[in-house]
Amino acid sequence: MIVVGLTGGIGSGKSTVAKLFEGLGQPVYIADFEAKQLMNRSKVIRRKLIALFGDQAYVDDKLNRSYLANKIFNDKSLLEQMNAIVHPKVGSHFKRWLKKQDAPYVIKEVAIIFEQQKQSEYDLIITVVADKAKRIERVLKRDQTTMAKIEAIMNNQMSDEDKIKQSDFVIVNNNFDTLHSQVLKIHQDILEQL
């Protein structure tokens, strides 16, 4: 089964693109969503995150996301340590999920494929791009956050230009009207490669 990585910077519209692929009958694994689920469910992850961040990492038995976000906001080392705890578990979870799928290909949405140098784990990679102003507008609408936090996240992510060079397909998501036709074309191109 072909594993297609779906990536793009914050606010590029990866989730919208993922839903369109789902609408075409392709199984989609959202790594960020699954990571959050595992951070709440896994006793091993919980124990390690409390050791790293302190007891405030969890409040009322739930992951204290705003606390963690503030901790890792300007501390790349803490972010890397947290990722080293969470990402291997997400990888194992994905492998179990993949075995249950029955489709020509699956989509795995991951924001930081290239930043983590994980491109070799995918048969094909789709990068979603959008104008910076449009991305910022989307994130401000979607999240309770600040411009400074959005800029910090963007600065930690690889540039669209560098991602495009390493991608098999690129979706330009500045205008929702053209999105479906782009996804449909890529879907057909992937099926032709099988």
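These figures come from a predicted structure and were not determined experimentally. (Residues numbered from 1 in each chain as written. Predicted model: local features only at pLDDT ≥ 70, side-chain atom pairs only at ≥ 80, totals over all residues. Heavy atoms only, no water.)

A. Layout of the overall build of the protein chain. Counting secondary structure elements, the protein chain contains nine helices and seven strands. Taken over C-alpha atoms, the radius of gyration comes to 17 Å for the protein chain, in line with the 16 Å a tight globule of 194 residues would show. Overall, the C-alpha framework of the protein chain stretches about 50 × 40 × 25 Å when taken along its three principal axes. Relative to its 194 residues, the protein chain shows a buried fraction of 43%. When contacts within the protein chain are restricted to residue pairs at least 6 apart in sequence, those whose partners lie at least 24 apart make up 71%. Of the roughly 10800 Å² that the protein chain leaves accessible, carbon and sulfur atoms contribute 50%. Mean positive and mean negative side-chain charge positions of the protein chain (29 and 24 charges, respectively) differ by 7 Å. (Helix = DSSP H or I, 4+ residues; strand = E, 2+ residues; numbered from the N terminus. Rg over C-alpha atoms; globule rule 2.2 N^0.38 Å. Buried < 20%, exposed > 50% of the residue type's maximum accessible area, 1.4 Å probe, protein only. Contact = heavy atoms within 4.5 Å. Areas by Shrake-Rupley, 256 points an atom, 1.4 Å probe, with all protein chains shown as cover. Lys, Arg positive; Asp, Glu negative; His and termini not counted. Charge placed at Lys NZ, Arg CZ, Asp CG, Glu CD.)

B. View of the pattern of salt bridges. Applying the stated criterion across every chain, the model contains ten salt bridges. Arg46 is paired through a salt bridge with Asp61; the nearest N and O atoms lie 2.8 Å apart. One end of the pair, Arg46, is in helix H3 (residues 43–53); the other, Asp61, is in the loop between strand E3 (58–59) and strand E4 (62–63), and 15 residues separate them in sequence. Looking at Arg46, the relative accessible area reads 17%, which means it is buried. Notably, a salt bridge pairs Lys185 with Asp189, separated by 3.0 Å at the nearest N-O pair. Taken together, the residues span about one helical turn, with Lys185 and Asp189 both in helix H9 (residues 176–193) at a distance of four residues. (Salt bridge = Lys/Arg side-chain N within 4 Å of Asp/Glu carboxyl O.)

C. Local environment of H3. Within H3, the full set of buried residues consists of Ile45, Arg46, Leu49 and Phe53. Projected down its long axis, H3 carries its buried residues within an arc of 100°, all on one side. Exposed positions of H3 whose direction lies more than 90 degrees from the buried face are Lys43, Arg47 and Ala51. Structurally, H3 contributes buried residues whose contacts are with helix H2 (31–41), E3, E4, helix H4 (65–72) and helix H5 (76–99). A distance of 3.4 Å separates the backbone nitrogen of Val44 from a side-chain oxygen at the start of H3, and that oxygen is part of Ser42. One or two positions beyond H3, positive phi appears at Gly54, with a value near 95°. (Arc of directions from axis to C-beta. Polar contact = N/O pair within 3.5 Å; in protein donor to acceptor, adjacent residues only side chain to side chain.)

D. Looking closely at the packing of helix H1 (residues 14–23) against H9. Contact pair H1 / H9: the axes reach a minimum separation of 10 Å and the direction vectors enclose 55°. As the angle between them shows, H1 and H9 are arranged oblique. Remark: the crossing between H1 and H9 carries right-handed chirality. Touching Thr16, Val17, Leu20 and Phe21 of H1 are Phe176, Leu179, His180, Val183, Ile186 and His187, all from H9. In the contact of H1 with H9, the residues fall into seven nonpolar, three polar and no charged. (Axes fitted to C-alpha atoms, helices over the stretch in contact; angles between N-to-C directions. Parallel < 35°, antiparallel > 145°, perpendicular 65-115°, else oblique. Left-handed = near helix turned anticlockwise from the far one by under 90°. Nonpolar A, V, L, I, M, F, W, Y, C, P; charged D, E, K, R; others polar.)

E. Main features of the side chain of Lys163. As for its placement among the helices and strands, Lys163 is situated in helix H8 (residues 160–165). By relative accessible area, Lys163 is classed as buried at 0%. With residues up to four places along the chain from it excluded, the contact list for Lys163 reads Gly8, Gly9, Ala111, Phe114, Glu115, Thr127, Gln157 and Met158.

F. Quick look at the sheet that holds strand E6 (residues 124–129). Taken together, five strands build an open sheet; the order of strands is E2-E5-E1-E6-E7 and the sheet is parallel. Only two strands of the sheet have a single partner each, and these edge strands are strand E2 (28–30) and strand E7 (169–172). Direction aside, neighbouring strands of the sheet carry axes that sit 20° apart on average. Direction of pairing for E2 relative to strand E5 (residues 105–109): parallel, over a ladder of three bridges. The residue bridging Ile30 from the neighbouring strand is Glu109, located in E5. (Pairing = 2+ DSSP bridges.)

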